[in-house]
Amino acid sequence: MRHLTDTHAHTVASTHAYSTVDEYFRAAADKGLALFSITDHGPEMPDSPHPWHFGNMRVLPRVRYGVAMLRGIEANILPSDRVIDANELLMSFMDFGIASFHEPVFPPTDVKTHTKAAIAAIETGRIQILGHPGNPNYPIDIEEVIRAARDHNVLIEINNSSFVSSRLGSEPFCMDILETVKRLDWKVALSSDSHVHYTVGDVDVSLAKVDAIGFPEEQVVTMTPERLLGFLAEHGKPVVDELAEWLADWQSPSIIEL
Ligand SMILES: [Zn+2]
Ligand SMILES: [Zn+2]
């Protein structure tokens, strides 16, 4: 089965990324993806977009070139009582949220602190995916965090760029996380974490890891748009209704043949 969605990509709105929305749409269509997401950094990152970036995403098309796009944010986990830098108001504009640790925002400390902060982010109810939890700079109590994610219906991200270009040394942590998600019978999101459109949808290394450990394919929520939108429906996200017609057309074999 092909992996048809991507839940993590950055645009020029975060200045350490280099592609526009239209470049992403075109690249996703060229690659035969069904759906991708733009998830620029939350306001606490030094080069994040102004909060208005998130509030105005309604001007973006839902579908171009047959491909659907989700409006997301990669929020920062904070070392403070605010927990994440995406409040209820901001999240009301989003189809979903990722929460991740980033060094400029959360100075790495120790397992106990990271675990507590990751679980607090999950418990906000405002995010649907825990981003790149295999970052070796942020060791966590993996089992405790995954149990919390499962209790709150939050996916564990297996971030392809953690294997190929970012967060050096992530691989053994990511494998430990993947094995633990399997053992605890929970679910993952595979993503590219693209910072340029050429890599949108590239999750080949993550998929190979999933295969290698016999991780159940049906617990990869991002495999198909039906599955991903079904998951967002469990979170009551209105985008599911907005894309229902597109999804019905997209599923039809005549469209797939194009
Ligand atoms: Zn990140
Ligand atoms: Zn990212």
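Treat the numbers as computed from the prediction; the structure is a model and nothing was measured. Residue numbering note: each chain is counted from 1, following its sequence as written. Chains and ligands are labelled sequentially in the order written, the chains with letters from A and the ligands with numbers from 1. Owing to the predicted nature of the model, reporting of local features is limited to residues with pLDDT of at least 70; listing and counting of side-chain atom pairs is limited to 80 or more, with chain, interface and lining totals taken over all residues.

*Asks:* Any chance you could explain the pairing of strand E6 (residues 155-159) here in plain terms?
*Replies:* Successive side chains on a regular strand alternate, one facing one side of the sheet and the next facing the other. Within E6, five of the five residues are buried, which leaves the element mostly enclosed by the surrounding structure. Buried, partly exposed and exposed are defined by the number of other C-beta atoms within 10 Å of a residue's own C-beta, namely 20 or more, between the two limits, and 12 or fewer respectively, with C-beta atoms placed from the backbone. Numbered from the N terminus, helices here are DSSP runs of H or I no shorter than four residues, and strands are runs of E no shorter than two. Residues Leu155, Glu157 and Asn159 line one face of E6 and the alternating positions Ile156 and Ile158 line the opposite face, and both faces are buried. Between any two strands, pairing holds if DSSP finds at least two bridges. Of the pairings in the sheet, the one linking E6 to strand E7 (residues 188-191) comprises four bridges and is parallel in character. When the sheet's bridge partners are listed, Glu157 is paired in E7 with Ala189.

*Asks:* Where do I start with the pairing of strand E3 (residues 67-76) in this structure?
*Replies:* Among the ten residues in E3, nine count as buried, and that is most of the element. Note that strand E1 (residues 35-41) and E3 share seven bridges and pair parallel. In the sheet register, Phe36 faces E3, and the bridge partner there is Met69. Bridge count for strand E2 (residues 63-64) against E3 is two bridges, and the pairing is antiparallel. Within E3, the position partnered with Val63 by the bridge is Ala68. Where E2 folds back on E3, the antiparallel hairpin that results is connected by two residues, among which Tyr65 adopts a positive phi of roughly 55°.

*Asks:* What exactly am I supposed to notice about unusual backbone geometry here?
*Replies:* Excluding glycine, most residues fall at negative phi; most peptide bonds, likewise, are trans. Notably, Asn153 is not glycine yet its phi reads approximately 55°, a positive angle. With respect to the element layout, Asn153 can be found in the loop between helix H5 (142-151) and E6. Overall, the presence of 14 C-beta atoms within 10 Å leaves Asn153 in the partly exposed class. Here Asp193, not a glycine, exhibits a phi torsion of approximately 50°, which is positive. Here Asp193 is to be found in the loop between E7 and helix H8 (204-212).

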